[in-house]
Every structure is written in structure tokens, then in C-alpha cells.
Number of protein chains: 2
Amino acid sequence: MEIVEEAAIHVLEAGGVTSAKGFSAGGMHCGIRKRKDDLGWLVSEVPTSAAAVYTTNQFQAAPLQVTRESLQSEKPLQAVCVNSGVANACTGEQGLKDAYEMRRAMAEKVNLAEEQVAVASTGLIGDPLPIEKIKAGFQSIGEENDQTVERFEQAILTTDTCTKHVAVQVEIDGKTVTVGGAAKGSGMIDPNMATMLAFITTDASVEESALQNVLKQGTNRTFNMITVDGDSSTNDMVLVMANGKAETETLTEDHPSWSAFVKAFEKVSEQLAKEIARDGEGATKLVEVHVKGATTDQAARSIGKEIISSNLVKTAIYGSDPNWGRIVCAIGYGDEPIDPEKVTVSLGDVTVVDQGLPIPFDEEKAKQPLQQETVPIYVDLHLGDGTATAWGCDLTYEYVRINAAYRT
Amino acid sequence: MEIVEEAAIHVLEAGGVTSAKGFSAGGMHCGIRKRKDDLGWLVSEVPTSAAAVYTTNQFQAAPLQVTRESLQSEKPLQAVCVNSGVANACTGEQGLKDAYEMRRAMAEKVNLAEEQVAVASTGLIGDPLPIEKIKAGFQSIGEENDQTVERFEQAILTTDTCTKHVAVQVEIDGKTVTVGGAAKGSGMIDPNMATMLAFITTDASVEESALQNVLKQGTNRTFNMITVDGDSSTNDMVLVMANGKAETETLTEDHPSWSAFVKAFEKVSEQLAKEIARDGEGATKLVEVHVKGATTDQAARSIGKEIISSNLVKTAIYGSDPNWGRIVCAIGYGDEPIDPEKVTVSLGDVTVVDQGLPIPFDEEKAKQPLQQETVPIYVDLHLGDGTATAWGCDLTYEYVRINAAYRT
């Protein structure tokens, strides 16, 4: 086997979905939401290879069906349009018509075939898509000061409190390859994606099946490892486009630099996933659960998710309460093999449980990691080599406030 | 097949765990908790047939191990002792010793063999059981005004705001058979029992294997169908004792009145389960989700649990927000077969979704069922004959307050 030196990943300051060559993005207010931007677009100069993963919710919103068709068509994807405010989910025949109409309007505006455009929607379920507003919005693309990536990042948000973006660079074939992304999240993040949208762009040239694989694997390790409230939405999607503008060879899983590309890709996915978790509805802290010693990675993932999803753990973290009992309890919820007498739990560098038993700790010292912006929890099951990291957030009064009155 | 007329179930006002003949109960303050009663006992005059079901959490507290031994021994169970304040979970060897010691102390006090006594604990995980306080407490049984069922009901509570008890009567073999129970619940109720204890007594004579079956089936339809916060504890147990003092024949599943007994038993289980859900931590409302038209009862149960467990549904109900989209979303979370285009959802008698599509409804009229003490939600999947009912509660500021500071 060829030995390839691990490529260094360079994180771009203020990078995003247009950091990779040949991508442009914009956003505007078309009138679905009261004041905030609600319509965004992302376009590649040239055709791309593309891949997507979708919510596992059995109710899948109309835009997902239409995007799936675009990706399955023989024409290469080249643009994405997104609206926030209305999810176009549970909208039946009319919803599907509207999603097609949205795709058509975007395609016309940027001179592409319909099948070269993906559509996404996020917001309230059940309301009809205000398609006339969206069409009018597309008409005025370029007329205003709307062609900025910041407005794209804004336009895809719902209850998020901030935009989410990242870009990294890595050397491949002597060329600088950029991978960047933008995402929206907030409530309903679980168990497999859930009200989240993420758009990832790269100027590498990537074979489409390899791109699908890296997306699927990366999503399992990143976007599928975040939880805000255990609810999963009808509209979630992660979409990636690779346009080749960096002029690398076409990357496949056999390419000597494939692992460097995967690393860059997962860095972007992970960063977006963490930003989504940190900005969970009402959240004051990002919780990072590191599980090791599980029988398999899958077992580690499952246990990490149980911990991060526990309302009792989440409220204890909100209260900066080193209530390790709730963590131990959550470890025991699932079917994954554990041995209660081998479990170690640490809050930051304070070990609170060893071999399944509480060990004396300084209460004040154990509180410290819980008062940080990022709360690190370490679990070692001492059974095998399986590892995983899961990200979530605390459960707060503000979460209840936001969600007790979202519609009204 | 013999046709047996359905026996009428008569609910006793203020009935409880000592309504059945030959059972006595009491409680006291032994000093584990600050002021509240924290030690309870329940004794049958004569040996009983008994059965129990336990938490599915892989961390099982010491008292459960000891109780399991008592039930597996050849000596018939005749008494139960319970403490609150400390769960005796994650306490290792010492915890097991303490649980045995608690059992021994109780057995001595009431002149029974150790194996005739079951033990239960509920409260904080990880703290050692204050066994000396418990032993001193048992010494003074009968010395004070402690021999009342109300004090037993009080002594088993943790963050519950009220005691939970019920008793019903039914005619069997021309005799009046009483089934009664007491329970504690509050937080951590899910997915299979979870911080809940329930003690059910009957003066029927019941074959032990039949008793185990009725307990298991009844628990699946009642205690396992409640959710407060999706967390499941290390200490949960439902225990039933049948002492034969009503002088019926020994009931088996072939007895012509078996279904009448099952009905009475499930009535008690259901009532206790509902009281637990209604008194969930911080809850202001009981939520009752009726699912029908599922492919199987199991599918209906699973979908009912998804709805009742959704933080987004729970907060919407707290806000009396007829946010049917979240209910539809929750229906789609799991793997159970659904057809999005067939689903009907009603809030009380207001249908909000039909054939998977929202139908216009009067906002004020739809809010009304959500403002009731018991919120009824009806889901029809229109696929088969599977039905289930699940009970839960709303998610409130108070839930967050209680759980952000339980230990401290």
C-alpha cells in the first residue's frame, strides 16, 4: 500500500459555501417571513457531481421528492434554491406542484434545465408554499444587493440565532482544494438529521458515487450525531456539490489523496454539526460526549446519542449539576452491550464514576466543565475499540418558551 | 366456548393498596429525606403468590436484584419494604449488602423469612443507602401513628406532588374480589417503566404463572405506555401480591372469570399509570394519545409512544398550540408502517389532518381540548386493526426548573 502523508487541513477564517472556486450564493426577502430573508440560492458556474442524504422521517416534504428527482436525472446538478418560513410538508399534490414550480422558476432565472436545480424548504409544516412570492423573488435576483453569501446563510434560517458556515482547504494533486458549507438547524435535530439543512460545496472534482459515500459516512459521524430535542423533521437534507474548478484529477476512493479529501469533508460536516447543536433552541451550552471502549463504533454512537438525548442529562447540564447518575442511567437505556461494572465517566478531567461506582470528587471542580461553553463528557465502556462523539445542548427555560409558542 | 357475562368493575372511592382483605401498610420518617416520610412497608397476613416486572435499564439497582431473588425463592412472598430519598443504584458490593440488610431487618420485624420480603428503593443514584437509619426505622414500626396506608403512599414518593392509589372490586365465584394499588412516578418515566414503583395487591387467589402473565401484559398496555421525559431509571418495578383472602378458587387463565380479573387488574394498572403521567415533573396536563388503524397493536403502541415522547409535541401542548404538524412529524419518526396519505389526526373532536393533509379548522375550537386537564389526541392510520393508548404530559418551565437543580 502506498503511504500517503496526512495532508494538513487549513481552516479558512470566515469561510463558507462560496469559498470553493466557481460557486456564488445570495439571499433576499421575498415576503414569506415578516422581515427576515427567506429565499436563498446557490449556483455553480459549471455542472457538478452531486449527492444528498435525506431525513428518515416517513413523512417527507415535497421539496425532498423534487430534489431527489433532480439528483436521479442524467443532467448534472448546478444550483440549489431554498426558502425558509414554510416547509412545504404535508401539503399533498399542491405541495408537489409548488415545489416543481419553485424549481422551474429558479432554473429559468439562471438558465439551467429544471433537473439541474435542487429545492429545499424549512419552516412551518402544513401551510401552502407562497409560490407567487417565491417566483417574484427569483425575478429580482441580481437587482438588489442580494448576491452575498451572508444573505444566503441568513435566508435558510428559521429559529436559529446565528448563521453557520465553515470552509477548509487541503492540498490534493498539488492543487488547493476548498470544501465549504452552510447550514441551518435549531430545533428538531435528531435522530437522523432533522430540521436541518446543510449545503456543502467543493471545487475538487469527485466521482459521484464516491461523493455519495463520503457524504453518507460523514453524515453518520457528524450530522447524525447531533441532537437538540430528539425530534426529527420532514425536511432535512444534506446536499453536496463538487464542481472540479480546482482542477484536480477526478477523485475516487482509490485516489492516493482520497483520505485527505474525506478528512476535509468531515471537518466541514463536523463543524457545521457542532454549530447546529450549539445553537439548538434555547441552548446555552454545546455538550460534547466522547464514547470509547464500546464493542463497535455503532454501539458507541448509539450510547452517545442516548446520553445527549436525555432530557434529564440536558437539564442537569443547564443547571451545571454534576449529576453523573443521570449519565450512567442514560448509558443503560439501550440494547447495546455494556458492563455496568466497567463504566468510567468523566466530566472534563474530573472522573466521577469508575468501574460503575461513583468516586469522591470535589463538587466545585466537577461543576467547572459544566459551566463552560462547551461541556466535555467522557465515557469509557472498557469493552472494545468502538468510539464515537455525539453533540447536543442543554435543555432550558428558553427551549420551552420558544416551542410553547412557535406558531402563534 | 363458555359465554361469561362481562363482570362489572366497581371503583372504590379512596381505595388503595390495603383495600384488598388481609393487607396492611404503613410509613414513617426514618431520616433519609429531610422531613418527608421515606420508609414504607406493605404486609400480607398470609403468604401470597407474587410476580414482578423490572426496569429494562442495563444498570439495575441493588434492591431489584434482591427482590428478584426473593421472588425466585421457594418461600412465598409476604411483605415489601420501600425507601425513598436514595435509590441504592450504582452502589456496587456495598449496595447489595445494604439491600440484603434492609430485607433482613424488615423480615425480622414482621417475623418472616428473608426470602419472603421484597425491597425497593427510589431517589438519588450513587449515594450509599443509609442502612442504619432504615434499620432503626423498622425497629419503631408500630410504635407511632405510622400504620396507615396514606403514610405508605407518602413514603414511596420522590418529586411526586401527590400520592397515587386506586382500588376496584369485581365479583368472582360469587365472592367480592378487590384489586388495589399504590404507585410513585414523576420524572424519568419511559420507555419501559422508569422511575416508577407500583405495588398491586389483591385478595383473589391466583396461580403464580398466571399472575406473572397478567402483570406482564397489563404493564405493556399501561405502565409501559406512559412517558414523562423519555428517560428510564435503574430502579423501576411493578410488584403484585395475591393473598387469596377473598376465598375464590385459585384463578388460572382457564377460569371462566379470568377475563374479569384481568379487567380489574388492568383498570388498576391503567389508573396508576395515568396518575403517574398526570403528575409528571412540572406537568400541567395529562396527554392521552389514542392510536388506531395501525398494522398491529405493537405498531400502534410504538407510534403512540413517539407522539407522547416528542419534546416538540409536549411543549406545543403546554402552550395550548394546535400544532398538528409536530404530531404528524412524530408519527413519521419510527419504523412502523404508515402511509402519510392516509393519516387522520384529531385534537378532541376537532379533526386537523385528514388523509395526511391539514384541513381548515377553527383555531379557538382546536385550542379548547389543549386547554383541558386531560388532552385527548386521536390518530387513525387507516391501515389495520392495531390500537393503543399512550399517556404523557406537557413539557414546562417547571420541568426544567426541577431537573436543573435536583441534586443541589
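Residues numbered from 1 in each chain as written. Chains lettered and ligands numbered in written order. Predicted model: local features only at pLDDT ≥ 70, side-chain atom pairs only at ≥ 80, totals over all residues. Heavy atoms only, no water.

Taking an unreviewed UniProt entry as the reference, chain A is identified by name as Arginine biosynthesis bifunctional protein ArgJ belonging to Texcoconibacillus texcoconensis. Under the UniProt heading Subunit (unreviewed entry), the entry covering chain A gives this text: "Heterotetramer of two alpha and two beta chains." (UniProt positions renumbered as here; feature names shortened; annotations may be inferred.)

1. Structural notes on the UniProt feature "active site" (unreviewed entry) in chain A
Residues and elements named next belong to chain A. In this numbering, the UniProt entry assigns the feature "active site" (unreviewed entry) to Thr195. With respect to the helices and strands, Thr195 occurs in the loop between strand S8 (175-184) and strand S9 (197-202). By relative accessible area, which is 15% here, Thr195 ends up buried. (Helix = DSSP H or I, 4+ residues; strand = E, 2+ residues; numbered from the N terminus. Buried < 20%, exposed > 50% of the residue type's maximum accessible area, 1.4 Å probe, protein only.)

2. Structural notes on the interface of chain A and chain B
Counting residues at the interface gives 58 residues for chain A, matched by 59 residues for chain B. Buried surface at the junction of chain A and chain B, both sides included, amounts to about 4600 Å², of which 59% is carbon and sulfur. If you look at where chain A meets chain B, you find zero salt bridges. At the boundary of chain A and chain B, one finds eleven residue pairs in polar contact (both at pLDDT 80 or more). Of all elements in the fold, only helix H8 (311-318), helix H9 (324-331), strand S16 (357-358) and helix H11 (397-404) of chain A reach the threshold of two or more residues within the side of chain A that touches chain B. Each residue belonging to the side of chain A that touches chain B can be placed in one class, and the counts come to 26 nonpolar, 22 polar and ten charged. (Contact = heavy atoms within 4.5 Å. Buried area = accessible area lost by both parts, 1.4 Å probe. Salt bridge = Lys/Arg side-chain N within 4 Å of Asp/Glu carboxyl O. Polar contact = N/O pair within 3.5 Å; in protein donor to acceptor, adjacent residues only side chain to side chain. Nonpolar A, V, L, I, M, F, W, Y, C, P; charged D, E, K, R; others polar.)

3. Considering the confidence of the model for chain A
Parts of the model with low pLDDT should not have their predicted coordinates read in detail. Here chain A shows a mean pLDDT of 91. Residues at 70 or above account for 94%. The weakest mean pLDDT in chain A belongs to H11(A) at 87; the strongest belongs to strand S10 (residues 205-206) of chain A at 98. (pLDDT = per-residue confidence, 0-100.)

4. Things to note about the packing of helix H7 (residues 297-309) of chain B against helix H9 (residues 324-331) of chain B
Residues and elements named next belong to chain B. At a minimum axis separation of 8 Å, H7 and H9 run at an interaxial angle of 135°. Judged on the interaxial angle alone, H9 and H7 are oblique. In this structure, the crossing between H7 and H9 has a hand that is right-handed. Facing Ile303, Glu306 and Ile307 of H7, the residues of H9 in contact are Ile327, Ala330 and Ile331. (Axes fitted to C-alpha atoms, helices over the stretch in contact; angles between N-to-C directions. Parallel < 35°, antiparallel > 145°, perpendicular 65-115°, else oblique. Left-handed = near helix turned anticlockwise from the far one by under 90°.)

5. Quick word on the sheet that holds strand S1 (residues 10-11) of chain B
To summarise the sheet geometry, strands pair through backbone hydrogen bonds and adopt either a parallel or an antiparallel arrangement. Residues and elements named next belong to chain B. One open sheet accounts for six strands, arranged S1-S7-S8-S9-S11-S4; its pairing is mixed. The strands lining the two open edges of the sheet, one partner per strand, are S1 and strand S4 (49-54). Direction of pairing for strand S9 (residues 197-202) relative to strand S11 (residues 237-242): parallel, over a ladder of six bridges. Across the sheet, the residue bridging to Phe199 is Leu239, located in S11. Across the sheet, helix H1 (residues 62-72) is in contact with S4 and S11; its angle to S4 comes to roughly 150°. (Pairing = 2+ DSSP bridges.)

6. Brief notes about the domain arrangement of chain A
Residues and elements named next belong to chain A. Under the domain assignment, chain A is made up of domain 1 (10-278) and domain 2 (286-404). On a C-alpha basis, the centres of domain 1 and domain 2 stand 31 Å from each other. Taken together, the contacts link 16 residues of domain 1 with 17 residues of domain 2. Per-residue buried area on domain 1 facing domain 2 is highest for Met225, Thr227 and Arg278; these three make up 46% of the total on that side. At the junction of domain 1 and domain 2, the tally comes to two salt bridges. Glu373 is the partner of Arg278 in a salt bridge, and the nearest nitrogen-oxygen pair spans 3.9 Å. In this structure, the connection of domain 1 to domain 2 is made through five residue pairs in polar contact (both at pLDDT 80 or more). Looking at the side of domain 1 that touches domain 2, the element that brings in the most residues is helix H6 (residues 258-278), giving four residues. (Domains from an automatic or database assignment.)

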